[in-house]
Amino acid sequence: MKAVIQRVKRTTLSVDGRLISEIPFGLAVYLGIKAGDERSLCAQMAGKISRLRIFEDDNGKMNLSVADVGGEVLLISQFTLYGDCSHGNRPGFTLAERPERANELYMSVAEQLRSLGITVRTGVFGADMKIEQFNDGPVTIIYEI
């Protein structure tokens, strides 16, 4: 399981020109599920996302989590995080989990975050999503378990 975690201001996600989700500020999290990932990783991933201290405190130090600042999470399924382009220029996706299982684990991470008191918005699994994102910092963290 791999996440690209970005600190953001207003971020929106649309499908077919229709607004699906938006957050005023917080984290845009692109989540990839690797073939063979276990459900137990969902709680670990959610815990890391919720506790990651990448928001500034009163002294300008990155010392606060999304929960500390009252931010929200826009969780976006992203199988291309497991794209393998080591053999040529066209990526292969054999490392990514099958869509049915990947969606199940993606939704489990969302539920785990909600159980930690985080407001979570989601995309539409498997859809052609358009994301408008206003990065803050920019701050981008890659986390893999």
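Structure shown above.
All figures in this text were calculated on a predicted structure; none of them were measured in a lab. (Residues numbered from 1 in each chain as written. Predicted model: local features only at pLDDT ≥ 70, side-chain atom pairs only at ≥ 80, totals over all residues. Heavy atoms only, no water.)

J.: Can you break down helix 3 (residues 99-115) residue by residue, with the values?
T.: In this model helix 3 runs 24 Å from its N-terminal to its C-terminal C-alpha over 17 residues, within 8% of the 24 Å that 1.5 Å per residue would give. Inspection of helix 3 places Arg101, Ala102, Leu105, Tyr106, Ser108, Val109, Ala110 and Leu113 among the buried residues, and these make up the whole buried set. On the buried face of helix 3, the contacting elements are strand 3 (26-32), helix 1 (40-51), strand 6 (72-77) and strand 7 (119-122). Gly117 sits one or two residues past helix 3 and shows a positive phi near 90°. (Helix = DSSP H or I, 4+ residues; strand = E, 2+ residues; numbered from the N terminus. Expected span 1.5 Å × (residues − 1). Buried < 20%, exposed > 50% of the residue type's maximum accessible area, 1.4 Å probe, protein only. Contact = heavy atoms within 4.5 Å.)

J.: Tell me about the environment of Asp16, and please be specific about residues and values.
T.: Looking at where Asp16 falls in the secondary structure, it is placed in the loop between strand 1 (2-15) and strand 2 (18-23). Taking relative accessible area as the criterion, Asp16 reaches 76% and is therefore assigned exposed. Put simply, Asp16 and Tyr82 are 66 residues apart on the chain and 25 Å apart in space, counted from C-alpha to C-alpha.

J.: Provide a residue-level description of the side chain of Asp37, including the pertinent values.
T.: With respect to the helices, strands and loops of the structure, Asp37 is situated in the loop between strand 3 and helix 1. Salt bridges are absent for the buried Asp37, whose nearest opposite-charge side chain, Lys34, sits at 6.6 Å. Here Met1 takes part through its backbone nitrogen, which lies 2.7 Å from a polar atom of the side chain of Asp37. Only 2.9 Å separates the side chain of Asp37 from the backbone nitrogen of Lys34, close enough to count as a polar contact. Beyond its immediate chain neighbours, meaning those up to four positions away, Asp37 contacts Met1, Glu97, Arg101 and Leu105. (Lys, Arg positive; Asp, Glu negative; His and termini not counted. Salt bridge = Lys/Arg side-chain N within 4 Å of Asp/Glu carboxyl O. Polar contact = N/O pair within 3.5 Å; in protein donor to acceptor, adjacent residues only side chain to side chain.)

J.: Mind laying out the packing of aromatic side chains, listing which residues take part and the relevant values?
T.: Scanning the entire structure with this criterion turns up 2 aromatic pairs. Between Phe79 and Phe93, the ring centres sit 5.0 Å apart and the planes meet at 70°, which makes this aromatic pair edge-to-face. Of this pair, Phe79 sits in the loop between strand 6 and helix 3 while Phe93 sits in the loop between strand 6 and helix 3; the two residues are 14 residues apart in sequence, bridging distant segments of the chain. Given the relative accessible area of 32%, Phe93 is considered partly exposed. Arranged with centres 6.1 Å apart and planes meeting at 40°, the rings of Tyr106 and Phe125 form a pair that is tilted. Of this pair, Tyr106 sits in helix 3 while Phe125 sits in the loop between strand 7 and strand 8 (129-144), placing them 19 residues apart in sequence. Using a relative accessible area of 31% as the deciding quantity, one classes Phe125 as partly exposed. In this arrangement the basic side chain of Lys2 is found over the ring face of Tyr82, its NZ or CZ atom lying 5.0 Å from the centre. (Phe/Tyr/Trp six-rings, centres within 6.5 Å; stacked < 30°, edge-to-face > 60°. Lys NZ or Arg CZ within 6 Å of the ring centre and 35° of its normal.)

J.: Explain the packing of helix 1 against helix 3 residue by residue, including any values.
T.: As a packed pair, helix 1 and helix 3 sit with axes 8 Å apart at the nearest point and diverge in direction by 50°. Comparing their axes, helix 3 and helix 1 come out oblique. For the crossing formed where helix 1 meets helix 3, the hand is right-handed. Across from Cys42, Ala43, Met45, Ala46, Ile49 and Ser50 in helix 1, the residues of helix 3 making contact are Leu105, Ser108, Val109, Gln112 and Leu113. Among the residues forming the contact of helix 1 with helix 3, the class breakdown is 8 nonpolar, 3 polar and no charged. (Axes fitted to C-alpha atoms, helices over the stretch in contact; angles between N-to-C directions. Parallel < 35°, antiparallel > 145°, perpendicular 65-115°, else oblique. Left-handed = near helix turned anticlockwise from the far one by under 90°. Nonpolar A, V, L, I, M, F, W, Y, C, P; charged D, E, K, R; others polar.)

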